Amino acid sequence: MLGIEGSTFTVDGIDRGSYPDGKSLVLDGSADYLSQTFSASNRDTWTFSCWVKRSNLGAAQDILSAGTNGSNYTEIKFDGSDKLQYAHVDASSTTDQLVTTAVYRDTHKWMHIVCAVDTTNATEANRVRIYVDGSEVTALDTANYPVQNVDTDINSAVSHTLGERAGGAANFNGYLSRVDFIDGTQYAASDFGETSTDTDKWVMKVPSGLTYGTNGYILDFNDDRSSTPDTTTTIYDQSVNSNNWTGNSLVTGSFTSDVPNNSYATFNPLHADLFGTVNFAEGNLKVTSADANTDHALTTIPIRSMETADVYFEVTVNAVGNSTTGQVTFTTPNNANLFTTGNPALGTGGWGARWDGYYFSEGSTTAGPLTTWNSTSDVLSVHVLNGDVFYWVNNTAQNSGSAILTGLSGDLFVHFGGSVGTDSMTFNFGQKPFVNTNIPSSYKTLSSANLPVPAVPYRKPQNFADILLYTGDGVAIGSGGKTISGLSFTPDFAWFKDRTTGNGHNWFDKVRGATNYLRSDTTGIETTNTETLDSFTSDGGVVGSNGFVNTNTDDYWSLWLKADNTSGSSNTDGSITTTVSAGQHFSIVEWSGDGVTTITAGHGLPFAPDLIILKDTVSAGGWQVYHSSNTSEPETDYLLLHDTPATVDNVNRWNDTAPTSTVFTVHSNINKSGTNNMIAYCFVFDSTDANSPFTGGFYEGNNSTDGTFIPSDGLQMLMYKAIDTTGQWYIRDAVRDIYNPSTTVFAADSNTTEASYGTGQIVDLLSNGWKCRQNGTTAPDMNAVETYIWWGIKKDGSQLWA
């Protein structure tokens, strides 16, 4: 076999899977597809494996199909609801069909699909087995399995197509990579992929020991048997069978370096454009204004740590509707102008170039020193180096080779802006060959493998924060209690919620002692109960028979966090001495208040905390919340965790003083008198340190089913609240809802049982952020025309944006 050899592929020491030599095939959803007519072979037993990255959603799109026409065929496809399907159609009647409950609407993530068929199996559910990212899909909306020994059209002597339904239509729009077809054997996903030892993500491996059979084939879209790669007419089979395929309507650029172990930036169709419409093509690299408004789009991944980045990309002009409106800019993830005007270049947090030669810098617009680049086929080249931005126009360095924008920092997305309905550009972030012959030798492409790598062990957020689900058994501590286990760390904090009944939210930590709990849904004082959390263990804890944590047959949710695995030590950084258990990104802080003094409290973290949740434990008082994105001056404002009011501007909380890398300030109004009575939980988000397992920010809802997209790492847990109006603290996670859409919620401020909400009240938790898919303002309110703050816990390996 050629072009597929290779062992584990690592970048900066991270196991990202195999396939270092492969490429991807980009199909545009129009008339481009692959075809091959086979001789008849085993029609009842076969396995199809491929890696897919979607570009366009909401339309039927075939991945593999075989048949004589549009009335008789077998197919694997995404349907118009973005669910994955296996179907066999005979005389226009669908006889066999499996439809997933899950929807697949991630336009950045590479997903691995395996469809393994053996209709001879006596067990009905084993005749068609679908796997996504290594896990077998068992949640099905439709489960009409084939009758035993029935023949499929796959492996019959008819036309087979990749990217189109037999007989035409349902063309695939997106990327295909590493396709394996096995004739005569039903294999599992584990024969084609494995879990990364570094990130716990499902990654590609080079299959070994597989029998491909007569019609078996391997397509890696990068033939290396000659001096030229795959042409647009012949796609070479890399197995010994030479089952080559024919490319139909492919074009130059149909093959890219965007592959499962290195996902490149494209533009993101999930980012709702509130002020216009954008059309995407060519794998979401071609962006075109679609109406007379000023239209905008953002990339799927940012340039991370701009002040140390060395990134190069190119932009080609396709069409000009207005010679002054086209722009390529950079924007912060939480740029308020994205929500209010759609244009990040209009104010703080926006920089870039307009194609009439002007450039932007946080609201100011300056003529030159760029030359115009507003003619068809003009190429703007952009090099970001250590926070400075250098430009070329048609291979000519601008500003005499000096930077035009300087001092940019943080994580910045690339932004397209256009208007009049015809402004169009094609971007190349390195997945295709560049045209500029003066590229600086040091540059990196904008892809997941070139983003800053989190340090060990921070590339696994679930080494610091995780959710465990369990079912209670009612066993008391005296009889051994119930052991909750499965964490990859020793916890210092635990939060429990009964999912079945209306029991409240119970918080425990090592500093106050395991058997002492607070409830986030009340203002009540600390309570001691030896039948709640009896002890923390090396990978979880032991609970007794109290109903808050262990009613027999009730289902429970529990969140566990790691600090420093101690009951705390003395900290004298502030004006008073605190007892602190502090990790790198989370700390538990306890002290004795006096009721009269505004104090500073040492938090033990190396960075200023972004989230502080504070409570007086010995007298009834509210849970005070500081969030770094709660208005433009968060130190002047506060929220209440136990209640639903909007943000309040009041000096009597944080003394109008922002937290620092050593202390936070507490006004005398909430520094209540008592012995070891004040407790604070402090979190650092990744905007401060990319290694953090925690992240957060703000967003504006848009009251649309095509809801706001919030860029972030992939999330294990999401908590959000409206700050301009009354709203609850809703919690969602990818543990209760293991696939999209996420519909299951409860509120940290309420003891009510969890609820599942259907269409119109849902969210997709994605590899590079999350997407509101609710319109209206009914519970769980998350997408009204309001401002929201949010915080979350990342998923394993999610910092790699891949």
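The structure presented is a predicted model; accordingly, all values stated were derived computationally and were not measured. (Residues numbered from 1 in each chain as written. Predicted model: local features only at pLDDT ≥ 70, side-chain atom pairs only at ≥ 80, totals over all residues. Heavy atoms only, no water.)

Draft legend 1. Representation of the overall build of the chain. Per the secondary structure count, the chain includes three helices and 62 strands. Each principal axis of the C-alpha distribution contributes one length, and for the chain these read about 85 × 75 × 45 Å. Sorting the 802 residues of the chain into buried and exposed places 60% on the buried side. Of the contacts made within the chain by residues no fewer than 6 positions apart, 67% connect residues no fewer than 24 positions apart. (Helix = DSSP H or I, 4+ residues; strand = E, 2+ residues; numbered from the N terminus. Buried < 20%, exposed > 50% of the residue type's maximum accessible area, 1.4 Å probe, protein only. Contact = heavy atoms within 4.5 Å.)

Draft legend 2. Highlighting the sheet that holds strand E35 (residues 465-471). Spatially, the six strands line up as an open sheet ordered E35-E43-E37-E38-E39-E40, and their pairing is antiparallel. Strands with a single pairing partner mark the edges of an open sheet, and in this sheet they are E35 and strand E40 (527-528). In terms of strand pairing, strand E37 (residues 493-498) meets strand E38 (residues 505-509) through five bridges, oriented antiparallel. In the strand pairing of E38, Ala 494 is matched with Phe 508. (Pairing = 2+ DSSP bridges.)

Draft legend 3. Structural view of the pattern of salt bridges. Taken as a whole and assessed by the stated rule, the structure comprises 27 salt bridges. Asp 258 is the salt-bridge partner of Lys 53, the closest N and O atoms lying 2.6 Å from each other. Pair noted here: Lys 53 is in strand E5 (residues 45-54) and Asp 258 is in the loop between strand E21 (255-256) and strand E22 (278-281), with a separation of 205 residues, a long-range link. For the residue pair Lys 53 and Asp 258, the accessibility class agrees, reading buried in each case. A salt bridge links Asp 411 to Arg 304; its shortest N-O distance comes to 3.3 Å. Residue Asp 411 is found in the loop between strand E32 (396-397) and strand E33 (413-418), and its partner Arg 304 is found in the loop between strand E24 (295-298) and strand E25 (310-319); the two are separated by 107 residues along the sequence. According to the relative accessible area criterion, Arg 304 is buried, its value standing at 9%. (Salt bridge = Lys/Arg side-chain N within 4 Å of Asp/Glu carboxyl O.)

Draft legend 4. Representation of the state of the cysteines in the model. Tallied over the entire structure, the rule returns zero disulfides. Among the cysteines around Cys 50, which has no disulfide bond, Cys 115 carries the closest sulfur, lying 9.9 Å off. (Disulfide = S-S within 2.5 Å.)

Draft legend 5. Broad picture of the pairing of E33. Across the six residues that make up E33, a large majority, six, are buried. Of the strand pairs in this sheet, strand E26 (residues 327-331) and E33 are connected by five bridges, and their pairing is antiparallel. Each bridged residue has a counterpart across the sheet, and for Thr 331 the counterpart in E33 is Phe 413.

Draft legend 6. Unusual backbone geometry, seen in detail. Residue Gly 368 is joined to Pro 369 through a cis peptide bond whose omega torsion reads 5°. Looking at the element boundaries, Pro 369 is found in the loop between strand E29 (364-367) and strand E30 (379-385). Of note, the amide linkage connecting Asn 740 to Pro 741 takes the cis form, showing an omega dihedral of 5°. Tracing the backbone shows Pro 741 in the loop between strand E57 (730-733) and strand E58 (744-747). Phi is positive for Arg 178, which is not a glycine, with a value near 40°. One can find Arg 178 in strand E15 (residues 173-183). For Arg 178, a relative accessible area of 3% corresponds to the buried category. Residues other than glycine seldom take positive phi values, yet Asn 565 does so here, at roughly 60°. Take Asn 565: it is sitting in the loop between strand E43 (555-561) and strand E44 (569-571).

Draft legend 7. Region of interest: the packing of aromatic side chains. Within this structure, the stated rule accounts for 46 aromatic pairs. Here Phe 313 and Phe 429 contribute two aromatic rings whose centre-to-centre distance is 5.3 Å and whose plane-to-plane angle is 45°, an arrangement assigned as tilted. Here Phe 313, found in strand E25, pairs with Phe 429, found in the loop between strand E34 (424-428) and E35; they are 116 residues apart in sequence, far enough to count as distant. Relative accessible area serves as the criterion here: at 0%, Phe 313 is assigned to the buried category. With a relative accessible area of 0%, Phe 429 lands in the buried category. Ring geometry for Tyr 626 against Trp 654: centres 6.0 Å apart, planes inclined by 80°, an arrangement best described as edge-to-face. Of this pair, Tyr 626 sits in strand E49 (residues 624-627) while Trp 654 sits in helix H3 (residues 651-654), and the two are 28 residues apart along the sequence. (Phe/Tyr/Trp six-rings, centres within 6.5 Å; stacked < 30°, edge-to-face > 60°.)

Draft legend 8. Examining the sheet that holds strand E41 (residues 533-537) more closely. The strand order across the open sheet built from three strands is E36-E42-E41, with neighbouring strands paired in antiparallel fashion. Pairing within the sheet leaves two strands with one partner each, and these edge strands are strand E36 (482-485) and E41. On average, each strand axis in the sheet is inclined to that of its neighbour by 20°, with strand direction left out of account. In this structure, E36 lies alongside strand E42 (residues 540-543), joined through four bridges in antiparallel fashion. Looking at the pairing, Ile 484 lines up with Gly 541 of E42. (Axes fitted to C-alpha atoms, helices over the stretch in contact; angles between N-to-C directions.)

Draft legend 9. Structural context of the pairing of strand E48 (residues 611-616). The buried count for E48 comes to six of six residues, which makes it a mostly enclosed element. Judged by which residues are buried, E48 turns out to be covered on both faces: Leu 611, Ile 613 and Lys 615 on one side and Ile 612, Leu 614 and Asp 616 on the other are all buried. Pairing of E48 with E49, which is carried by four bridges, proceeds in the antiparallel orientation. Among the inter-strand pairings, Leu 611 is bridged to a residue of E49, identified as His 627. Pairing geometry for E48 and strand E53 (residues 678-683), over six bridges, is antiparallel. What sits directly across from Ile 613, in E53, is Tyr 681.

Draft legend 10. The arrangement of the nonpolar core in detail. Counting 57 residues, the largest nonpolar core has Phe 330, Tyr 391, Val 414 and Phe 427 as the members making the most contacts within it. If near-sequence neighbours (up to four positions away) are discounted, Tyr 391 is found in contact with Phe 330, Gly 352, Ala 353, Leu 370, Leu 380, Ser 381, Val 382, Thr 396, Ala 397, Gln 398, Ile 404 and Leu 405. Ranked by size, the runner-up nonpolar core spans 41 residues in total, among them Cys 50, Ile 76, Met 111 and Phe 221. (Core = buried A, V, L, I, M, F, W, Y, C linked by side-chain atoms within 4.5 Å.)

Draft legend 11. The arrangement of the confidence of the model for the chain in detail. Here the chain shows a mean pLDDT of 92. Residues at 70 or above account for 95%. Confidence over residues 1-8 falls short of pLDDT 50; this stretch has 28 contacts with residues more than four positions distant or in other chains. (pLDDT = per-residue confidence, 0-100.)

Draft legend 12. Quick look at the side chain of His 415. You can see His 415 is positioned in strand E33. Of the residues examined, His 415 reaches a relative accessible area of 0% and is grouped as buried. A polar contact of 2.8 Å, which involves the side chain of His 415, links it to the side chain of His 296. Within the structure, His 415 has its side chain in polar contact with the side chain of Thr 329 (distance 2.5 Å). (Polar contact = N/O pair within 3.5 Å; in protein donor to acceptor, adjacent residues only side chain to side chain.)

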